[in-house]
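A closer look at the structure
Chain residues, written in single-letter form:
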Amino acid sequence: MARTALTRAEVLEAAASLVKRHGPAALTMRRLAAELGTAVTSIYWHVGNRESLLDALVERTVQDMGAIRPAGRTPVERILSVARILRRELRERPHLIAMVHERGLTERMFLPAQQALVHEVHAAGLRGARAADAVRAVQFQIVGFLLVERNRERSPAQSPAESDLWAPPPGSAGGTPAAPDDPELARALARPADPEHLFLLSVRALVQALLADGAASRPASR
């Protein structure tokens, strides 16, 4: 028996779940109706046709990405918290983010994060073009890191692997270790990378440099 009681919010939630799991191509009205246990006509009644549904999903994603609340005692820590939240949100919904980009709403989606960053760089004393540069540098670092991260995740298995190159087994064809003068570095590079650690390390270093540069450029108080 087809389900009769259904809300627009439930339709959008189910559609978002389908896209997150299988990509936009998997989102058909018939499949969505099956997921919800209702008739296809009921889906049309709540959200219109498929293009209207996709537009509604994009708008929903933009709104969801707006809930960014910094945490921490200092501007550096609060900016880091914004970076972590933004990276997590982007990683959790890649297909939906791609849909937002295709519909030309990426900049609008990033606006709440930019506004949070503006607030923090202002709190650190940056103004004008320096503040704008700091906001964009942090945003570009987050997005750029995420692109590299996803590319590594999707790349085929490497042969030789990084561990083979930096720490070849004794007696192997690898010959001389890649860093004979720094065996600790070689051991570290032979271990799998920790993306979370590297992300925070790089963003922290960038933010500290940006804020320190801004502080150095301000005239000394008399």
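Structure shown above.
Residues numbered from 1 in each chain as written. Predicted model: local features only at pLDDT ≥ 70, side-chain atom pairs only at ≥ 80, totals over all residues. Heavy atoms only, no water.

**Re the overall build of the protein**
From N to C terminus, the protein includes 11 helices and zero strands. Partitioning the intrachain contacts of the protein with sequence separation of at least 6 by distance along the chain shows that 69% fall at a separation of at least 24. For the protein, the exposed surface amounts to about 13500 Å²; the carbon and sulfur share of it is 56%. (Helix = DSSP H or I, 4+ residues; strand = E, 2+ residues; numbered from the N terminus. Contact = heavy atoms within 4.5 Å. Areas by Shrake-Rupley, 256 points an atom, 1.4 Å probe, with all protein chains shown as cover.)

**Digging into the pattern of salt bridges**
In total, this model carries 15 salt bridges according to the counting rule given. In this structure, Arg21 and Glu35 form a salt bridge, with 3.3 Å as the shortest nitrogen-oxygen distance. Linking Arg21 in helix 1 (residues 8-22) with Glu35 in helix 2 (residues 29-36), this pair joins segments that are 14 residues apart in sequence. Exposure remark for Arg21: the relative accessible area of 45% places this residue in the partly exposed category. (Salt bridge = Lys/Arg side-chain N within 4 Å of Asp/Glu carboxyl O. Buried < 20%, exposed > 50% of the residue type's maximum accessible area, 1.4 Å probe, protein only.)

**Description of the nonpolar core**
Counting 54 residues, the largest nonpolar core has Leu27, Leu32, Ile43 and Leu53 as its most contacted members. No other element matches the eight residues that helix 5 (residues 75-92) contributes to this core. Residues within four places of Leu53 in sequence aside, it is in contact with Val11, Leu12, Ala15, Leu27, Met29, Leu32 and Val47. (Core = buried A, V, L, I, M, F, W, Y, C linked by side-chain atoms within 4.5 Å.)

**So, the packing of aromatic side chains**
Under the counting rule described, the total for this entry stands at one aromatic pair. Ring plane angle 65° and centroid distance 5.2 Å describe the contact between Phe145 and Phe199, whose orientation is recorded as edge-to-face. With Phe145 in helix 8 (residues 128-154) and Phe199 in helix 11 (residues 195-217), this residue pair connects regions lying 54 residues apart in the sequence. Phe199 matches Phe145 in its accessibility class, with the two residues each being buried. For the cation-ring pair, Arg87 lies above Phe199, with the distance from its terminal atom to the ring centre recorded as 5.0 Å. (Phe/Tyr/Trp six-rings, centres within 6.5 Å; stacked < 30°, edge-to-face > 60°. Lys NZ or Arg CZ within 6 Å of the ring centre and 35° of its normal.)

**Some words on the packing of helix 1 against helix 6 (residues 94-102)**
For the pair helix 1 and helix 6, the least separation of the axes is 7 Å and the interaxial angle reads 105°. One way to sum up the angle between helix 1 and helix 6 is to call them roughly perpendicular. Residues Ala16, Val19, Lys20 and His22 of helix 1 pack against His95, Leu96 and Met99 of helix 6. Within the contact of helix 1 with helix 6, the residues separate by chemical class into four nonpolar, two polar and one charged. (Axes fitted to C-alpha atoms, helices over the stretch in contact; angles between N-to-C directions. Parallel < 35°, antiparallel > 145°, perpendicular 65-115°, else oblique. Nonpolar A, V, L, I, M, F, W, Y, C, P; charged D, E, K, R; others polar.)

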